[in-house]
Amino acid sequence: MILYFSGTGNTKWVAEHLSDATNDTIFSIPDELKKGTLHYTLKDYERLGICFPTHGWQPPHIVRDFLRRATFENVRYLYAVTTCGDNIGYAMSILRKELHHKGLSLDAAFAVVMPESNVCFSFLHLDTPESEARKIEAARQRMPHICKLVKQKASGIEELVKGAIPFTYTYIIGGFYNKHLITDEKFWVDIDKCIQCGLCAKRCPVDDIEGLPPHWKHNGSCTNCLACYHYCPTHAIHWGSMQRGQYYFNKREDQK
Ligand SMILES: Cc1cc2nc3c(=O)[nH]c(=O)nc-3n(C[C@H](O)[C@H](O)[C@H](O)COP(=O)(O)O)c2cc1C
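Because the structure is predicted, anything quoted here is derived from the model rather than measured.

About the thresholds
- Note that residues are indexed from 1 along each chain, following the sequence as it is written.
- Under the rules for a predicted model, residues below a pLDDT of 70 receive no local features and side-chain atom pairs below 80 are neither given nor counted, while totals for whole chains, interfaces and linings still include all residues.
- The side-chain figures draw on all heavy atoms in the structure; neither hydrogens nor water molecules are used.
- Helix and strand definitions follow DSSP, with helices as H or I runs of at least four residues and strands as E runs of at least two, each counted in order from the N terminus.
- Here the radius of gyration uses the C-alpha set of atoms, whereas the globule reference equals 2.2 Å times the residue count to the power 0.38.
- Note on exposure labels: buried denotes an accessible area under 20% of the residue type's maximum, exposed denotes more than 50%, and partly exposed covers the range between, all computed with a 1.4 Å probe on protein chains only.
- Only heavy atoms enter the contact rule, under which two residues are in contact if any of them lie within 4.5 Å.
- Computed with a 1.4 Å probe, the accessible areas rest on the Shrake-Rupley method; for each residue, only the protein chains presented here act as cover.
- Residues qualify for a patch when their relative accessible area is over 30% and they have no salt bridge, like charges being joined within 9 Å and the nonpolar side chains of Val, Leu, Ile, Met, Phe, Trp and Tyr within 5 Å.
- The rule for a salt bridge is simple: a side-chain nitrogen of Lys or Arg has to be within 4 Å of a carboxyl oxygen of Asp or Glu.
- For helices, the fitted axis covers only the stretch in contact; all axes are lines through C-alpha atoms, and the angles between them, taken along N-to-C directions, range from 0 to 180 degrees.
- By the definition adopted for this analysis, an angle is roughly parallel if under 35 degrees, roughly antiparallel if over 145, roughly perpendicular if from 65 to 115, and oblique otherwise.
- Less than a right angle of anticlockwise turn of the near helix away from the far helix marks a crossing as left-handed, whereas a clockwise turn marks it as right-handed.
- Definition of nearness: a residue and a molecule or strand are near each other if at least one heavy atom of the residue lies within 4 Å of the molecule or strand.
- For this analysis, a polar contact is any N or O atom pair within 3.5 Å, provided that within protein one partner can donate a hydrogen and the other can accept it, and provided that sequence-adjacent residues contribute only side-chain to side-chain pairs.
- Residues are grouped as follows: Ala, Val, Leu, Ile, Met, Phe, Trp, Tyr, Cys and Pro are nonpolar; Asp, Glu, Lys and Arg are charged; every other residue, Gly included, is polar.
- Cavities and pockets are defined on a 1 Å grid built over the protein atoms alone: a cavity is a set of grid points where a 1.4 Å probe fits but cannot escape, while a pocket is an open set with protein on both sides within 12 Å along at least five of seven lines, and lining residues are those with an atom within 4 Å of any such point.
- Grid points are joined across faces, edges and corners, and a volume is the space filled by probe spheres set on the points.
- Count a disulfide wherever a pair of cysteine sulfur atoms falls within 2.5 Å.
- The criterion is simple. A nonpolar core is a set of buried Ala, Val, Leu, Ile, Met, Phe, Trp, Tyr and Cys residues joined through side-chain atoms within 4.5 Å.

Asker: I would appreciate a short explanation of the overall build of the protein chain in the present structure.
Answerer: A tally of regular secondary structure across the protein chain gives nine helices and 12 strands. A compact globule built from 256 residues would reach a C-alpha radius of gyration of about 18 Å, and the protein chain, at 18 Å, matches this within 12%. Considering only C-alpha atoms, the protein chain reaches an extent of 55 × 40 × 40 Å along its principal axes. Residue burial in the protein chain is summarised as follows: out of 256 residues, 54% are buried. Residue pairs in contact within the protein chain that sit at least 24 positions apart in sequence constitute 76% of those at least 6 positions apart. Here the protein chain has roughly 12,100 Å² of accessible surface; of this, 51% comes from carbon and sulfur atoms.

Laid out in structure tokens, this is it:
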């Protein structure tokens, strides 16, 4: 069983790769949360995988909330994969702590660098087309290695990209970011550009968008995954004063 969260498709792609290689079924964490019953009993031969994007050098709050609410029985092999644009700081250590509260520990942990999706700071930029293609190619080449280890149920594996000064990024900058800046309050729509297609609401993994033209519910569910911003076909959605290009996995293929 593979449980994943993904805003712009990078992590979904990783989860799908793992599923193809292992025959393990994939489940989206937001969809599971909508079902209500979060009790999972694994078969003796099953693996449990958790895949998530790194947000502000931490796991997104939806992943942490899910793990707090879910119960797992008979977990014999557990691994996690996080995708990131650059580096993950101590995101995996935070996940380990969440799992530890459930009596679970990771056998293997991986980070996969993928194209950047965050546009919420002026110093952050999406990848150039060349760097985007390079990252995807590198990830494509790395996935068989990760899949092989997971398939073999290899343990004691940690292949992460923590970056420089991970404590500062994770707990000081990331702590502030995740506490104060993960919000839907800053999204707004350029009405002249909005074609009222409703794709933003459809793509929002947490159903935080309603109405036409769209508005955000401000109910605390937003993870700032930016799916609404990136998938908008007319680039009508803004986050604060930032409007600096769009990315989602396979966007360039879609445009061909
Ligand atoms: C709100 C937000 C915060 C992010 N924080 C980080 C980060 O701390 N480190 C990093 O390398 N990438 C960061 N990124 C980039 C994503 O982790 C990366 O693009 C990821 O692969 C997106 O996965 P997804 O397409 O499945 O949503 C962030 C992206 C968003 C939207």
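There is more to say, and it comes next.
Asker: Help me understand a nonpolar patch on the surface in this model?
Answerer: Judged by side-chain polarity, Phe167, Tyr171, Ile172 and Ile173 come together as a nonpolar surface patch covering roughly 370 Å² of accessible area. Counting through the fold element by element, Phe167 comes out in helix α6 (residues 166–181).

Asker: Can you help me understand the packing of helix α1 (residues 10–22) against helix α5 (residues 129–151) in this one?
Answerer: Helix packing geometry: the angle between the two helix axes and the distance between the axes. At a minimum axis distance of 9 Å, the contact between α1 and α5 shows a crossing angle of 45°. Classified by the angle their axes make, α1 and α5 are oblique. In the packing of α1 onto α5, the handedness of the crossing is right-handed. Residues Trp13, Val14, His17, Leu18, Ala21 and Thr22 of α1 form the contact with α5, whose participating residues are Ala139, Arg140, Met143, Ile146, Cys147, Val150 and Lys151.

Asker: How should the environment of Ala138 be read in this particular structure?
Answerer: Secondary-structure assignment places Ala138 in helix α5. Sequence-wise, Ala138 and Met114 are 24 residues apart; in three dimensions their C-alpha atoms are separated by 8.6 Å.

Asker: How should I be thinking about the site of the ligand in this particular structure?
Answerer: Within the structure, the ligand sits among 25 residues, and Ser6, Thr8, Thr11, Thr54 and Asp86 are positioned closest to it. Contact distances for the ligand include 2.6 Å between an oxygen atom and a side-chain N or O atom of Thr11. Residue Glu116 places a side-chain N or O atom 3.3 Å away from a nitrogen atom belonging to the ligand. Summarising the interface, the protein chains cover 98% of the accessible area of the ligand, which totals 640 Å² for the free molecule. Looking at the shell around the ligand, the elements with two or more residues in it are α1 and β6 (78–84). Its residues assigned to classes, the shell around the ligand shows eight nonpolar, 15 polar and two charged.

Asker: Explain empty space enclosed by the protein here, please?
Answerer: Over the atoms a probe the size of a water molecule is rolled, and this reveals where empty space is left. Within this structure, the stated rule accounts for two cavities of 30 Å³ or more. What the largest cavity holds in volume is close to 100 Å³. Around the largest cavity, the lining comprises 15 residues; the ones closest to its centre are Cys194, Cys197, Cys200, Cys232 and Pro233. Looking at the lining of the largest cavity residue by residue, the classes come out as 12 nonpolar, three polar and no charged. As for the second largest cavity, its lining consists of 13 residues, and the residues nearest its centre are Phe187, Cys204, Cys222, Cys225 and Cys228.

Asker: I'm lost on the state of the cysteines in this one. Help?
Answerer: Disulfide: a covalent bond formed between the sulfur atoms of two cysteine residues. The final tally for this structure, using the stated rule, is zero disulfides. Unpaired in terms of disulfides, Cys204 finds its nearest cysteine sulfur in Cys225, a separation of 6.3 Å. By relative accessible area, Cys204 is classed as buried at 10%. Cysteine Cys222 is unpaired, with the sulfur of Cys228 as its nearest cysteine sulfur at 6.6 Å. Looking at Cys222, the relative accessible area reads 9%, which means it is buried.

Asker: Please explain the nonpolar core as it appears in this structure.
Answerer: As a rule of thumb, soluble globular proteins bury nonpolar side chains together. Counting residues in hydrophobic clusters, the biggest one holds 80 residues, and the most contacted among them are Leu18, Phe66 and Leu95. Discounting chain neighbours no more than four positions away, the residues touching Leu18 are Ile2, Asn23, Cys51, Tyr79, Val81, Met143, Ile146, Cys147 and Val150.

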